[in-house]
Amino acid sequence: MNDSYTIAFYNLENFFDTVNDNGTLDDDFTPDGFKRWDDRKFGIKAKKIAKTIAQIGTDDSDTPPVLIGIAEVENNDVIATLLRTGKLKGMNYGFVHFDSPDERGIDTALIYHKDHFRVIEAQTIPLLITNENGLRDFTRDILYVQGQLHEEVVHVFVNHWPSRRDGADLTSYKRVAAANTILRKLDELSATTDITNVIVMGDFNDDPNSDSIKRLMESDRFINPMQQLLSPASGSANYKGEWSLFDQILISHSFLNYEKGTHSFKKAEIYAPKFLKEWKGKYKGNPFRTFAGKKYLGGYSDHFPVYIILKNNL
């Protein structure tokens, strides 16, 4: 397994610090807020998330994940704390993060293993959409990182697309707009650069068969190795007894080659070990989340991580 490497995505479920930021709607995640969020609870969550990330893909690789896209992180400080915590402490990880205009103050980021990945360029891509009243919907930017994974240049997009809170059908256009934003960026890059290896990961708030994901697939740029992982009995999140696979990693066709110096796709999985699951009661088998409404459960996240394994063709 020395030639196998893990690339993962994980929605961390409201990974906030305890400080009230007057510019965002983070009041619930303060000591005096609705969730009674304090340093002890934050520390417990950081330790649990660190344990999880360190173990993703270890059945398939001798190396901890080389790339981990994350969502629902508040700022640089919470990511830096995470990388100093528990199982991640001492690992040679760096990260890329930018603040985005999301009303709640949550962003995406990319954690990378410095022994395996070097950042060449990083930027945010604003997602410019409007709501039904014609006003801008301030949501998460798309994170774009170009880097060198071993011998190859790769282009990584980390996403957390607009939610379905107001209804899946009513909000579908927002996620289709996000897909179109990525495709426009790829067209722009292709005009000046040889775009070969592309990874699009994230919490898309849509399943593999949704219009937004279909839009990406219809471009003929990608394969979706996650598609077969969704079933009535499995997914990355569960809402009212129904599984979804909003968390996905799409890859360009180039990852199906086996030439020397390239990476080839081996497998895709949902990382759902026993310790990440509710172990009894009505929600047995669901992700063991941090909160259920106001009630503090002390779990990990309301999403399971997803990952792919790439083989480095030496």
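Going by an unreviewed UniProt entry, the chain carries the name Endonuclease and comes from Croceitalea marina.

Asker: For this particular structure, what's the right way to read the packing of helix α1 (residues 39-55) against helix α2 (residues 76-83)?
Answerer: Packed helix pairs are specified by the crossing angle of their axes together with the interaxial distance, meaning the distance between the axes. Where α1 meets α2, the axes come as close as 9 Å, and the angle between the chain directions of the two elements is 60°. As the angle between them shows, α1 and α2 are arranged oblique. Remark: the crossing between α1 and α2 carries right-handed chirality. From α1, F42, A46, I49, A50 and I53 reach across to α2, where they touch V78, T81 and L82. Residues of the contact of α1 with α2, tallied by class, amount to seven nonpolar, one polar and no charged.

Asker: Can you help me understand α1 in this one?
Answerer: Along an α-helix, residues three or four apart share an orientation, since each turn contains 3.6 residues. The end-to-end C-alpha distance of α1 is 25 Å, a good match for the 24 Å that 17 residues give at a rise of 1.5 Å each. What α1 keeps buried is the set K41, F42, K45, A46, I49, A50, T52, I53 and A54. The elements touched by buried residues of α1 are β1 (4-15), β2 (67-73), α2, β4 (107-113) and β15 (295-296).

Asker: Just to check I follow, could you spell out the packing of aromatic side chains for this structure?
Answerer: In this description, an aromatic ring pair is defined by two values, namely the gap between the centres and the angle between the planes. Following the criterion strictly, the structure yields 14 aromatic pairs and no others. An angle of 10° between the planes, with centres 4.7 Å apart, marks the rings of F16 and F29 as stacked. Within this pair, whereas F16 is found in the loop between β1 and α1, its partner F29 is found in the loop between β1 and α1, the two being separated by 13 residues in sequence. With a relative accessible area of 1%, F16 lands in the buried category. An aromatic cluster is built from F16, F29, W37, F291 and Y296, whose rings are joined through pairwise contacts. Note that K41 overlies the ring of Y296, its terminal NZ or CZ placed 4.8 Å from the centroid. Lying over the aromatic face of F275, K51 brings its terminal NZ or CZ to 4.3 Å of the ring centre.

Asker: Sorry, what's going on with the sheet that holds β1 here?
Answerer: By way of backbone hydrogen bonds, the strands of a sheet pair with one another, either parallel or antiparallel. Pairing in this open sheet of six strands is mixed, and the strands run β3-β4-β2-β1-β16-β13 from one edge to the other. At either margin of the open sheet sits one strand with a lone partner, and together these are β3 (93-97) and β13 (263-270). Across this sheet, the average inter-strand angle for adjacent strands is 20°, counted without regard to direction. Summarising the sheet, β1 and β2 pair through six bridges and their orientation is parallel. By the bridge assignment, A8 is partnered in β2 with I68. Lying over the sheet, α1 contacts β1, β2 and β4, oriented at roughly 160° with respect to β1. The sheet contacts of α2 involve β1, β2, β3 and β4, and relative to β3 the element is tilted by about 165°.

About the thresholds
Residues numbered from 1 in each chain as written. Predicted model: local features only at pLDDT ≥ 70, side-chain atom pairs only at ≥ 80, totals over all residues. Heavy atoms only, no water. Axes fitted to C-alpha atoms, helices over the stretch in contact; angles between N-to-C directions. Helix = DSSP H or I, 4+ residues; strand = E, 2+ residues; numbered from the N terminus. Parallel < 35°, antiparallel > 145°, perpendicular 65-115°, else oblique. Left-handed = near helix turned anticlockwise from the far one by under 90°. Contact = heavy atoms within 4.5 Å. Nonpolar A, V, L, I, M, F, W, Y, C, P; charged D, E, K, R; others polar. Expected span 1.5 Å × (residues − 1). Buried < 20%, exposed > 50% of the residue type's maximum accessible area, 1.4 Å probe, protein only. Phe/Tyr/Trp six-rings, centres within 6.5 Å; stacked < 30°, edge-to-face > 60°. Lys NZ or Arg CZ within 6 Å of the ring centre and 35° of its normal. Pairing = 2+ DSSP bridges.

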